[in-house]
2 protein chains.
Amino acid sequence: MFKEALETAVNGTGGYAALLMDFEGIPLESYLGQESPFDIEVVGAEISVLVKQIQRAAEMLEAGGTEEVSFKSEQMTTLVRVINQDYFAAMTLSPQGNAGRGRFELRMLASKVRDELS
Amino acid sequence: MFKEALETAVNGTGGYAALLMDFEGIPLESYLGQESPFDIEVVGAEISVLVKQIQRAAEMLEAGGTEEVSFKSEQMTTLVRVINQDYFAAMTLSPQGNAGRGRFELRMLASKVRDELS
């Protein structure tokens with residue numbers, strides 16, 4: 001069920017890979033699409049640290065809960081959707097990939113898996 | 001010149017505010033559009049810390065230089081465009097704001113001010 005939802009999101013976007021992970025950096029499930037130069041679980045572990053720092057900054061600014069984060073670097077775009085206080089979904093794609101479509105797919109994915117992860 | 005470029009970006013997006021800042025957290029120029037519950041310079045200072053952490057993670061992953069970052073929280077969307085190793089531009093907008101347009105405006109802004117800031 002998780003694998004299928006990740007597969008739908010990656011294939012709908014043409015992304016490298018996607019995963020569900022908890023904020024301790026423990027992967028729950030991942031799906032690899034096209035050949036990627038990056039290990040999605042290593043990327044996910046970095047994200048888990050960064051998103052916690054972003055959440056703390058948003059709380060400090062009284063901007064409310066963090067819902068989405070994205071990072072675009074020269075070699076990779078990374079999209080993150082917070083599912084609940086314990087889990088997030090993330091997808092990596094090439095810098096030329098369709099990030100707008102990726103954000104849409106991650107929102108769909110999050111609404112599909114939220115009940116199972118609460 | 002910087003103020004005018006920031007004004008164009010904010011008004012083209014309908015954002016709250018935008019600024020140019022260095023990675024030490026020192027604001028170079030800012031422009032306030034519509035009434036905002038957030039102080040753009042306080043937001044900028046938080047961004048300067050977060051983007052440095054994101055840059056370090058991207059380097060560790062060998063994903064190259066960081067170009068764009070965005071954070072969406074319940075009360076505010078924050079868009080960041082790295083201009084060069086010393087400066088970045090950031091814009092805040094409401095969560096219902098047009099982030100796609102905001103990213104476009106920040107890219108235009110960055111190309112306008114890059115020569116002056118190098």
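**Quick look at the packing of helix 1 (residues 2-13) of chain A against helix 3 (residues 99-113) of chain A**
Residues and elements named next belong to chain A.
Stage number 1. Axis separation between helix 1 and helix 3 bottoms out at 9 Å; the angle between their running directions is 165°. Of the possible angle classes, the one that applies to helix 1 and helix 3 is roughly antiparallel. Read as a crossing pair, helix 1 and helix 3 show a hand that is right-handed. Mapping the contact onto sequence places Phe2, Ala5, Leu6, Ala9, Gly12 and Thr13 in helix 1 and Arg101, Gly102, Glu105, Leu106, Leu109, Lys112 and Val113 in helix 3.
Stage number 2. For the contact of helix 1 with helix 3, the class distribution of residues is seven nonpolar, three polar and three charged.

**A word on helix 1 of chain A**
Residues and elements named next belong to chain A.
Stage number 1. In a regular helix each residue adds 1.5 Å, so twelve residues correspond to 16 Å; helix 1 covers 17 Å between its end C-alpha atoms and thus fits that length.
Stage number 2. Those residues of helix 1 that fall on the buried side of the exposure criterion are Ala5, Leu6, Ala9, Val10 and Thr13. Taken down its axis, helix 1 places every buried residue within 130° of arc, on the same side. Away from its buried face, by an angle of more than 90 degrees, helix 1 presents the exposed residues Lys3 and Glu4.
Stage number 3. Its buried side turned inward, helix 1 meets strand 1 (17-22), strand 2 (27-32), strand 5 (87-93) and helix 3.
Stage number 4. Gly14, located one to two residues past helix 1, shows a positive phi value of around 75°.

**Some words on the interface of chain B and chain A**
The accessible area lost on association of the parts is a frequent measure of interface size.
Stage number 1. On the side of chain A, 25 residues touch chain B, which itself brings 25 residues to the contact.
Stage number 2. Taken together, the residues of the side of chain B that touches chain A break down into twelve nonpolar, eight polar and five charged.
Stage number 3. Sheet topology note: the strand 3 (residues 66-73) of chain A/strand 3 (residues 66-73) of chain B ladder contains seven bridges and is antiparallel. Across the sheet, residue Phe71 of chain A finds its bridge partner in strand 3 of chain B, namely Val69 of chain B.

**Some thoughts on the environment of Val113 of chain A**
Residues and elements named next belong to chain A.
Stage number 1. You can see Val113 is positioned in helix 3.
Stage number 2. Separated by 112 residues in sequence, Val113 and Met1 place their C-alpha atoms 8.4 Å apart.
Stage number 3. Not counting chain neighbours up to four residues away, the residues in contact with Val113 comprise Phe2, Ala5, Leu20 and Ile83.

**Details of helix 2 (residues 40-60) of chain B**
All names here are of chain B.
Stage number 1. With 21 residues, helix 2 ought to run about 30 Å at 1.5 Å a step, and its terminal C-alpha atoms sit 30 Å apart, in line with that.
Stage number 2. Where helix 2 is concerned, the buried positions are Ile40, Val43, Gly44, Glu46, Ile47, Leu50, Ile54, Ala57 and Ala58. Seen along its axis, helix 2 keeps its buried residues to an arc of 160°; they face one direction. Facing away from the buried side of helix 2, by more than 90 degrees, are the exposed residues Val42 and Met60.
Stage number 3. In the segment just after helix 2, Glu62 is the residue with positive phi, at about 55°.

**Remarks on the sheet that holds strand 5 of chain A**
Stage number 1. Taken together, the ten strands give an open sheet; going across it, the order is 2(A)-1(A)-5(A)-4(A)-3(A)-3(B)-4(B)-5(B)-1(B)-2(B), and neighbouring strands pair in antiparallel fashion. The open sheet has two free edges, formed respectively by strand 2 of chain A together with strand 2 (27-32) of chain B, since each of these has just one partner strand. Going across the sheet, the axis of each strand differs from the next one's by a mean of 10°, ignoring polarity.
Stage number 2. Sheet analysis places strand 4 (residues 77-82) of chain A next to strand 5 of chain A, joined by six bridges and oriented antiparallel. Residue pairing in the sheet places Val80 of chain A in a bridge with Ala90 of chain A of strand 5 of chain A.
Stage number 3. The sheet strands contacting helix 3 of chain A are strand 1, strand 3, strand 4 and strand 5 of chain A, and the helix crosses strand 4 of chain A at an angle near 30°.

**Observations concerning the relation of the copies chain B and chain A**
Stage number 1. Of the two same-sequence chains, chain B is brought onto chain A (RMSD 0.0 Å, axial shift 0.0 Å) by a rotation of 180°. Such a turn and shift between the copies fits a two-fold axis. Relative to the rotation axis, the C-alpha of Ser70 of chain B is the closest in chain B, positioned 2.6 Å from it.
Stage number 2. Same-surface contact between copies: 100% of interface residues of chain B are shared with the interface of chain A.

**Digging into the packing of helix 2 (residues 40-60) of chain A against helix 2 of chain B**
Stage number 1. Following both chains from N to C, one finds helix 2 of chain A and helix 2 of chain B inclined at 180°, their axes separated by 11 Å at the closest point. Here helix 2 of chain A is positioned roughly antiparallel relative to helix 2 of chain B, judged by the angle of their axes. Counting all contacts with helix 2 of chain A, which are made through Glu46, Leu50, Gln53, Ile54 and Ala57 of chain A, the residues of helix 2 of chain B involved are Glu46, Leu50, Gln53, Ile54 and Ala57 of chain B.

What counts and what doesn't
- Residues numbered from 1 in each chain as written.
- Chains lettered and ligands numbered in written order.
- Predicted model: local features only at pLDDT ≥ 70, side-chain atom pairs only at ≥ 80, totals over all residues.
- Axes fitted to C-alpha atoms, helices over the stretch in contact; angles between N-to-C directions.
- Helix = DSSP H or I, 4+ residues; strand = E, 2+ residues; numbered from the N terminus.
- Parallel < 35°, antiparallel > 145°, perpendicular 65-115°, else oblique.
- Left-handed = near helix turned anticlockwise from the far one by under 90°.
- Contact = placed C-beta atoms within 7 Å.
- Nonpolar A, V, L, I, M, F, W, Y, C, P; charged D, E, K, R; others polar.
- Expected span 1.5 Å × (residues − 1).
- Buried ≥ 20, exposed ≤ 12 C-beta atoms within 10 Å, placed from the backbone.
- Arc of directions from axis to C-beta.
- Pairing = 2+ DSSP bridges.
- Least-squares fit on C-alpha atoms with pLDDT ≥ 70 in both.

Spatial relationships are all this shows, so hold off on functional conclusions.
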